[in-house]
Amino acid sequence: MSEFTSFNRCLIELGDQQIYATAANLRMAPSLKRDVRFDGFSLNKVGATVNDPTLVPTGPLKGSLSFDFIISEDHFNPIHTIFDISNSMTESSIVMGRIGNYRFWNAYLTSFSFTMEPFQLIRAQAEYEIFGTIHEIGDKKLAEVPDVNPAESLKSYGEISATGIDLQDENNKFDLRMLSAEYSAKATRRTTYSIRMNEGPASSFSGTGLLPYRSAISNIEINCNIKSNKIINYINHEGVVQMQHPSEVPEQIAVQLNLYGAKKENVYTNVNDPERKIDEATYLAMSAVDQAMYIGPERESMHIASFGCNGKVMSQGLSVSTGGYLSGEFSVSQIVR
């Protein structure tokens, strides 16, 4: 009987990090094109001859990996580079990973996104470029799922400001109330290859074949789409807030999304910096001297991660229908690099 691999045995890993994915997809394809060339000269035909048409590679073996998952503190506390898209992100690849009973190599992060909606866990998606071949290995049962604390929208929150002006303050001219948020970050990469490294018999010894010498990050862009009770007042032609008074400087929009766990945990607070909090596992791993710098425990939802978008309004709009309320939506974009 043919063997099929159950979802329960489809372990997904990036480097040494297990991903608690709800869905995953990996695709791989060579770059081939039709090749016809002059192959000699024929006296009988009194003209050139051509080779038998064939398919030849024009680039490396390249693919993509994408997966959906629920954000939890295991992934982001502290944040791992496997999801980090920022000005300081690494250009290095994740050397290897697996999806079910298949091994892949050389993964480069290209996008990360998540959605916040009331009464929902915060779900995210990540995408990677993959270079090199894939091959089958033994399947591996999913590890016993630990006591995961996922990020929940009701305990998380977002901040919207215009360089010092809190746009959610009910006492000012804005009074925005965030209903949902979609965050996405994309990194565009420029791949280069070394002629010396990839020429000759390299492809004869391994199915991996040609590999990038470097995958440099050329562009990074962050976008945040917000649904709210209103839109932003005084947006000018440059996509920033400009008050009616001519002396007031136009200001960019800053969106900060703070993700907190769904469950309350024992949290310890630094005596010198009340904003600095650690969980119980981190506290118990400290020395007695370091523990003396913290007080607690208190039952709180643990902060998992923060994501920001500081840029310009690309679009906004209003909508209303019978029996409903007037609602707004706007999109903010930031060019990081």
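Residues numbered from 1 in each chain as written. Predicted model: local features only at pLDDT ≥ 70, side-chain atom pairs only at ≥ 80, totals over all residues. Heavy atoms only, no water.

Points about the overall build of the protein
If you tally the helices and strands in the protein, you get five helices and 20 strands. For the protein, the exposed area adds up to about 19,800 Å²; of that, 51% sits on carbon and sulfur atoms. (Helix = DSSP H or I, 4+ residues; strand = E, 2+ residues; numbered from the N terminus. Areas by Shrake-Rupley, 256 points an atom, 1.4 Å probe, with all protein chains shown as cover.)

Some thoughts on the pattern of salt bridges
One pass over the full model with this rule turns up two salt bridges. A salt bridge links Glu91 to Arg214; its shortest N-O distance comes to 3.0 Å. Of this pair, Glu91 sits in the loop between helix 1 (73-76) and strand 9 (94-99) while Arg214 is found in strand 16 (residues 214-228), placing the two residues 123 residues apart along the sequence. Classification of Arg214 by relative accessible area gives partly exposed; the value is 43%. (Salt bridge = Lys/Arg side-chain N within 4 Å of Asp/Glu carboxyl O. Buried < 20%, exposed > 50% of the residue type's maximum accessible area, 1.4 Å probe, protein only.)

Side note on the state of the cysteines
One pass over the structure, following the stated rule, counts zero disulfides. Free cysteine: Cys309, not disulfide-bonded; nearest cysteine sulfur from Cys224 at 5.7 Å. (Disulfide = S-S within 2.5 Å.)

Topic: a nonpolar patch on the surface
Residues Val271, Met293 and Ile295 make up a contiguous nonpolar surface patch of about 240 Å² in total accessible area. One can find Ile295 in strand 19 (residues 294-319). (Patch = residues over 30% accessible without salt bridge, like charges linked within 9 Å, V, L, I, M, F, W, Y side chains within 5 Å.)

Some details on the nonpolar core
Soluble, globular proteins show a tendency: their nonpolar side chains are buried together. The biggest cluster of nonpolar side chains holds 54 residues, and the ones touching the most others in it are Phe67, Ile71, Phe112, Phe114, Tyr128 and Ile253. Non-local contacts of Ile253, meaning those with residues more than four positions away in its chain, are made with Ile160, Ser161, Ala162, Leu167, Ile232, Val241, Cys309, Asn310, Gly311, Val313 and Val332. (Core = buried A, V, L, I, M, F, W, Y, C linked by side-chain atoms within 4.5 Å. Contact = heavy atoms within 4.5 Å.)

What about the side chain of Glu129?
Along the chain, the position of Glu129 falls in strand 11 (residues 123-131). Take Glu129: its relative accessible area is 18%, and that puts it in the buried class. For Glu129, the residues in contact, after removing those within four places along its chain, are Lys62, Gly63, Asn106, Ala107, Tyr108, Thr110 and Arg189.

Structural notes on the environment of Met302
Structurally, the position occupied by Met302 is in strand 19. On the basis of relative accessible area, Met302 is assigned to the buried category, the value being 6%.

With respect to the pairing of strand 8 (residues 62-70)
Side chains Gly63, Leu65, Phe67 and Phe69 of strand 8 all project onto a buried face; the interleaved residues Lys62, Ser64, Ser66, Asp68 and Ile70 project onto a face where none is buried. Alignment of strand 3 (residues 21-29) against strand 8, held across eight bridges, turns out to be antiparallel. When the sheet's bridge partners are listed, Met28 is paired in strand 8 with Gly63. (Pairing = 2+ DSSP bridges.)

A short note on the side chain of Asn258
Here Asn258 shows up in strand 17 (residues 253-270). Judged by its relative accessible area of 6%, Asn258 falls in the buried class. A distance of 2.9 Å separates a polar atom in the side chain of Asn258 from a polar atom in the side chain of Ser306. Among residues more than four places away in sequence, those in contact with Asn258 are Ser156, Tyr157, Glu159, His303, Ala305 and Ser306. (Polar contact = N/O pair within 3.5 Å; in protein donor to acceptor, adjacent residues only side chain to side chain.)

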